[in-house]
Amino acid sequence: MENIVSAQNAKVKRLKSLREKKAREAEGQMLVEGEKLILEALQAGLGVSELVVDQERLQSFEGLIRRLDQAGARIYSVPGRILEAICDTRTPQGACAAVNLPAPMEEERMPDLLVALDGVQDPGNVGTIWRTADAAGFGGLLSSRQGADLFSPKVQRAAMGSSFRIPCKTVSGLEETLFALRQRGFEILVSSLSGTDFYSRSQMGSRLVLVIGNEARGVSEGVMELATQKLKLPMRGGAESLNAAVAAGIMMYELTKSI
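All figures in this text were calculated on a predicted structure; none of them were measured in a lab. (Residues numbered from 1 in each chain as written. Predicted model: local features only at pLDDT ≥ 70, side-chain atom pairs only at ≥ 80, totals over all residues. Heavy atoms only, no water.)

Asker: Pulling in residues and values, what's your account of the sheet that holds strand E2 (residues 29–33)?
Answerer: Reading across the sheet, the five strands line up as E1-E4-E3-E5-E2 and stay open at both edges, with mixed pairing between neighbours. Edge positions in the open sheet fall to strand E1 (2–3) and E2, since each of these has one partner strand only. Sheet topology note: the E2/strand E5 (residues 95–100) ladder contains five bridges and is antiparallel. Opposite Gln29, over in E5, you have Asn100 as the bridge partner. Together, E1, E2, strand E3 (48–54), strand E4 (74–78) and E5 form the strand contacts of helix H1 (residues 10–17), whose direction differs from that of E3 by roughly 105°. Where helix H4 (residues 62–70) meets the sheet, it contacts E3, E4 and E5, and its direction lies at approximately 155° from that of E3. (Pairing = 2+ DSSP bridges. Helix = DSSP H or I, 4+ residues; strand = E, 2+ residues; numbered from the N terminus. Contact = heavy atoms within 4.5 Å. Axes fitted to C-alpha atoms, helices over the stretch in contact; angles between N-to-C directions.)

Written out as structure tokens, the structure reads:
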């Protein structure tokens, strides 16, 4: 174990840089905070190259340190102020790690149940939808480049480890990807405030993509044109719409119930 006491240390700077998309793409790694998520990444088979632990809490992380040391990770102990400088959260959970990014989902081998994000920008929404997709039984997540970065610390905290189990792919052309999936027999279900009542939807097959649009603008015109069904949740009270993650969760659970 190496003890680091300076925030100017090159290793500290590299780890801190993983909070930024450019560095994550260059390094092929992301920053994962907290023992629970680090262990979930390990369980999912993702490589962990470095572990940073608050030097005042080493005893609390003995098991994690031993396990990662045996796996060949480099272990650093640091003062709390340096851990705070590395992590994205104001009050870190005592440990963080550099974890290899999961391999992107292969377009030729897409699972039968997909959720696609058309410009969803709030990291909390993206992570929550990812986590809910995992819970509801969806097999993969697609996102356009206009949305939040899937491996930002905020998205990963909201996903709560589901990103390690449910594969994803960020695509430069969501329209092209959805068109190809439709050609292969996938239903393209698009959330739309002007759509048909979700509970009156037509019968569908077992292969589908549920598209969730941008929080302010909704689904883009090009994607909307690819829809096999445009659906909306009924608003029985005074609210005009639902939060994107809440709407996605309701629809994902209902869709898996009928398949």
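Asker: Go over a nonpolar patch on the surface with me, naming the residues and quoting the values.
Answerer: A contiguous nonpolar surface patch, about 390 Å² in accessible area, is contributed by Tyr199, Met235, Leu242, Val246 and Ile250. Counting through the fold element by element, Ile250 comes out in helix H10 (residues 244–257). Taking relative accessible area as the criterion, Ile250 reaches 32% and is therefore assigned partly exposed. (Patch = residues over 30% accessible without salt bridge, like charges linked within 9 Å, V, L, I, M, F, W, Y side chains within 5 Å. Areas by Shrake-Rupley, 256 points an atom, 1.4 Å probe, with all protein chains shown as cover. Salt bridge = Lys/Arg side-chain N within 4 Å of Asp/Glu carboxyl O. Buried < 20%, exposed > 50% of the residue type's maximum accessible area, 1.4 Å probe, protein only.)

Asker: Please give an account of the sheet that holds strand E6 (residues 113–118) that cites residues and values.
Answerer: One open sheet holds the six strands; their spatial order is E8-E7-E6-E10-E9-E11, and the pairing between them is parallel. Because the sheet does not close on itself, it has two edges, and the strands there are strand E8 (168–171) and strand E11 (229–232). Across this sheet, the average inter-strand angle for adjacent strands is 30°, counted without regard to direction. Here four bridges tie strand E7 (residues 140–144) to E8, and the two strands are oriented parallel to one another. Bridging from a neighbouring strand, Ser144 pairs with Val171 of E8. Strands E6, E7, E8 and strand E10 (208–213) of the sheet are contacted by helix H6 (residues 123–136), whose axis makes an angle of about 175° with E6.

Asker: Mind laying out the layout of surface pockets, listing which residues take part and the relevant values?
Answerer: Here the largest pocket defines a volume of roughly 470 Å³. Forming the boundary of the largest pocket are 22 residues, of which Ser191, Leu193, Gly218, Ser241 and Leu242 lie nearest the centre. Going through the elements one at a time, strand E9 (187–197), E10, E11 and H10 are the ones with two or more residues in the lining of the largest pocket. Residue classes in the lining of the largest pocket are distributed as 13 nonpolar, six polar and three charged. Its boundaries defined by the atoms lining it, the second largest pocket holds a volume of some 370 Å³. Glu25, Arg145, Asp149, Phe151 and Thr170 are the residues nearest the centre of the second largest pocket, which is lined by 17 residues in total. Elements supplying a minimum of two residues to the lining of the second largest pocket: helix H2 (21–27), E7 and E8. For the lining of the second largest pocket, a count of residues per class yields seven nonpolar, four polar and six charged. (1 Å grid on protein atoms, 1.4 Å probe; cavity = no way out; pocket = protein on both sides within 12 Å on 5 of 7 lines; lining within 4 Å. Points joined across faces, edges and corners; volume = space filled by probe spheres on them. Nonpolar A, V, L, I, M, F, W, Y, C, P; charged D, E, K, R; others polar.)

Asker: Can you break down the pattern of salt bridges residue by residue, with the values?
Answerer: According to the stated counting rule, one finds twelve salt bridges in the structure shown. Among the salt bridges present, the one from Arg14 reaches Glu27, with a minimum N-O distance of 3.2 Å. With Arg14 in helix H1 and Glu27 in helix H2, this pair connects stretches of sequence that are 13 residues apart. Between Arg157 and Glu33 there is a salt bridge, and its shortest N-O distance comes to 4.0 Å. You can see Arg157 sitting in helix H7 (residues 153–159) and its partner Glu33 sitting in strand E2, a full 124 residues away along the chain. Judged by relative accessible area, Arg157 falls into the partly exposed class, the value being 27%. Residues participating in the shared-partner salt-bridge network are Arg14, Glu27, Glu50 and Arg74.

Asker: Tell me about the environment of Gly249, and please be specific about residues and values.
Answerer: Inspection of the secondary structure puts Gly249 in helix H10. When its relative accessible area of 12% is taken as the criterion, Gly249 is described as buried. The spatial distance from the C-alpha of Gly249 to the C-alpha of Ala136 is 8.1 Å, given a sequence separation of 113 residues.

Asker: So what about a negative patch on the surface? Which residues, and what values?
Answerer: A grouping of Glu175, Glu176, Glu221 and Glu225 is seen on the molecular surface, where their side chains present a negatively charged patch. Checked against the element boundaries, Glu221 lands in helix H9 (residues 221–224). You can call Glu221 exposed: its relative accessible area is 63%. (Lys, Arg positive; Asp, Glu negative; His and termini not counted. Charge placed at Lys NZ, Arg CZ, Asp CG, Glu CD.)

Asker: I'd like to hear about empty space enclosed by the protein, residue by residue, with values.
Answerer: A full pass over the atoms with the stated rule returns one cavity of 30 Å³ or more. The computed volume of the largest cavity comes to approximately 40 Å³. In this structure, the largest cavity is lined by Leu31, Val32, Glu33, Leu37, Pro153, Gln156 and Arg157. Within the residue set of the lining of the largest cavity, elements represented by two or more residues are E2 and H7. Residue composition of the lining of the largest cavity, by class: four nonpolar, one polar and two charged.

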